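Notes for the structure review
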Amino acid sequence: AGYTNEAAYLDYLSKPDIIVGAVIAKVKKNRVKKTPTSLTKPTIHMVDILDASGSMAHDKYNKSREGIVASIIDLKKDDSVTQTYSLIEFVEARNIKTHYLLKPIGDVSVSIPFYGAHGGDTPLYKTVYDSIYKLKDLVGRDKVLIKVYTDGGDNPRNYQYQALLKELIKKVNAENFTVTFVATNQDMKGIISDLDLDGTNTLEVTNDGAGFERGFNASLTATRVFKSKVSRGEDVTSGFYKEVGTL
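First, a word on scope: everything that follows refers to the structure included in this document. All values derive from a computational prediction rather than experimental measurement. (Residues numbered from 1 in each chain as written. Predicted model: local features only at pLDDT ≥ 70, side-chain atom pairs only at ≥ 80, totals over all residues. Heavy atoms only, no water.)

1. Some details on the nonpolar core
- Membership of the largest hydrophobic core comes to 32 residues, with the highest contact counts inside it found for Ile68 and Tyr85.
- Elements with a contribution of two residues or more to this core: strand E1 (43-51), helix H4 (59-76), strand E2 (82-92), strand E4 (143-150), strand E6 (202-205) and helix H8 (209-231).
- Each residue touching Ile68, except ones within four places of it in the same chain, is listed here: Asp48, Leu50, Tyr85, Leu87, Ile112, Phe114 and Phe216.
- Residues Phe90, Leu124, Val128 and Tyr161 belong to the second largest nonpolar core, which totals 28 residues. (Core = buried A, V, L, I, M, F, W, Y, C linked by side-chain atoms within 4.5 Å. Buried < 20%, exposed > 50% of the residue type's maximum accessible area, 1.4 Å probe, protein only. Helix = DSSP H or I, 4+ residues; strand = E, 2+ residues; numbered from the N terminus. Contact = heavy atoms within 4.5 Å.)

2. Examining helix H6 (residues 160-173)
- Taking 1.5 Å per residue, 14 residues should reach 20 Å; H6 reaches 21 Å between its end C-alpha atoms and fits that length.
- Next to the buried residues of H6 lie helix H5 (124-136), strand E5 (177-184) and helix H7 (185-195). (Expected span 1.5 Å × (residues − 1).)

3. Here we look at the pairing of E4
- Most of E4 sits inside the fold, with seven of its eight residues counted as buried.
- Taken together, the seven bridges between E1 and E4 define a ladder with parallel strand orientation. Paired with Ile44 across the strands is Lys143, a residue of E4.
- Where E4 and E5 come together, seven bridges link them in parallel fashion. Bridge pairing links Val148 to Phe181 in E5. (Pairing = 2+ DSSP bridges.)

4. Comments concerning the side chain of Ser219
- By the element assignment, Ser219 lies in helix H8.
- Take Ser219: its relative accessible area is 1%, and that puts it in the buried class.
- If we ignore the near neighbours within four places in the chain, the residues touching Ser219 are Lys147, Tyr149, Val182, Phe240 and Tyr241.

5. Some words on the pattern of salt bridges
- Evaluation of the coordinates by the stated rule reveals ten salt bridges.
- The partner of Asp130 in a salt bridge is Lys126, and the shortest N-O contact between them spans 2.8 Å. Residue Asp130 and its partner Lys126 are located together in helix H5, separated by four residues, close to a single helical turn.
- A salt bridge links Glu234 to Arg232; its shortest N-O distance comes to 2.6 Å. (Salt bridge = Lys/Arg side-chain N within 4 Å of Asp/Glu carboxyl O.)

6. Some remarks on the pairing of E6
- Here E6 shows no split at all, with Thr202 and Glu204 on one side and Leu203 and Val205 on the other all buried.
- In the sheet, E5 pairs with E6 via four bridges, with the strands oriented parallel. By the bridge assignment, Val182 is partnered in E6 with Leu203.

7. Quick word on unusual backbone geometry
- With phi around 50 degrees, Leu102 is a residue other than glycine that occupies positive phi space.
- Among the structural elements, Leu102 can be located in strand E3 (residues 95-104).
- Even without a glycine there, the phi angle at Asp196 is positive, about 55 degrees.
- Inspection of the secondary structure assignment puts Asp196 in the loop between H7 and E6.

8. Focus on the environment of Val91
- Mapped onto the secondary structure, Val91 falls in strand E2.
- Judged by its relative accessible area of 1%, Val91 is buried.
- C-alpha separation for the pair Val91 and Pro123, spaced 32 residues apart in sequence, amounts to 7.3 Å.
- Setting aside chain neighbours within four positions, we find Val91 in contact with Ala52, Ser53, Tyr115, His118, Gly119, Gly120, Asp121, Thr122 and Pro123.

9. Quick look at the sheet that holds E4
- Strand order in the open sheet formed by six strands is E3-E2-E1-E4-E5-E6, with mixed pairing between adjacent strands. Of all strands in the sheet, those bounded by a partner on one side alone are E3 and E6. Looking at each pair of strands side by side, their axes are set apart by 10 degrees on average, direction ignored. (Axes fitted to C-alpha atoms, helices over the stretch in contact; angles between N-to-C directions.)

10. Looking at the packing of aromatic side chains
- Summed over the entire model, instances satisfying the criterion amount to seven aromatic pairs.
- Residues Tyr129 and Tyr133 carry aromatic rings whose centres are separated by 5.8 Å and whose planes lie at 20 degrees to one another, so their mutual orientation is stacked. A residue pair is termed a helical-turn pair when its members lie 3 or 4 positions apart in one helix, as Tyr129 and Tyr133 do in helix H5 at four residues.
- Put simply, the rings of Tyr129, Tyr133 and Tyr161 touch in pairs and so form one group of aromatic residues.
- Across the ring face of Tyr133, the terminal group of Lys136 is positioned such that the distance to the ring centre comes to 4.6 Å. (Phe/Tyr/Trp six-rings, centres within 6.5 Å; stacked < 30°, edge-to-face > 60°. Lys NZ or Arg CZ within 6 Å of the ring centre and 35° of its normal.)

This is the structure in structure tokens:
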């Protein structure tokens, strides 16, 4: 249609650049433009905080070391999100060791000079408080997942950090942090009460190596789900372990 005779139509067909140009223009018009947001993978900062005090010695600590190495290996396999990794161990207030701090996961080695559980108190609340306080000014609005592994509550002499940590967790959870705890069943209730934690972000384990092994396995699975939720833009402030339980 639109041509006065056959010769005019054949003349049109002899100009392929016109046809190609028209097709390209139509494709460009109908193409869905990708925004910078859709092209950018979310960044998640993974943080493990491990109790290395004397009560963790032997099987509990060995299984914890194995669990951390396994979790690092699992994180390295996933490129659907951008990830950094931090690892902090504590024995006592003056012995808090930061092995990694916001290190790109591809650069993290699994050959870690772990402390080795030995004597000392358990500066649980101080370590978690100091770690969150340090991180919050470095990560911007990126998601941060903190997983704390301990077999005991804090020592009374460190209790001045309890109220400070409670308020800090409340503040950062409302922003971009998810703070979770794996602890033995005799101590978890006290930790939840002290810090006013959402119970779905905590997991009770039995006070032995098998309990910590199961706890790390559960955390590995929960971390995969967490990353998927972040990628989909879902809320991750609670429900990391879905419900309070005992492993």
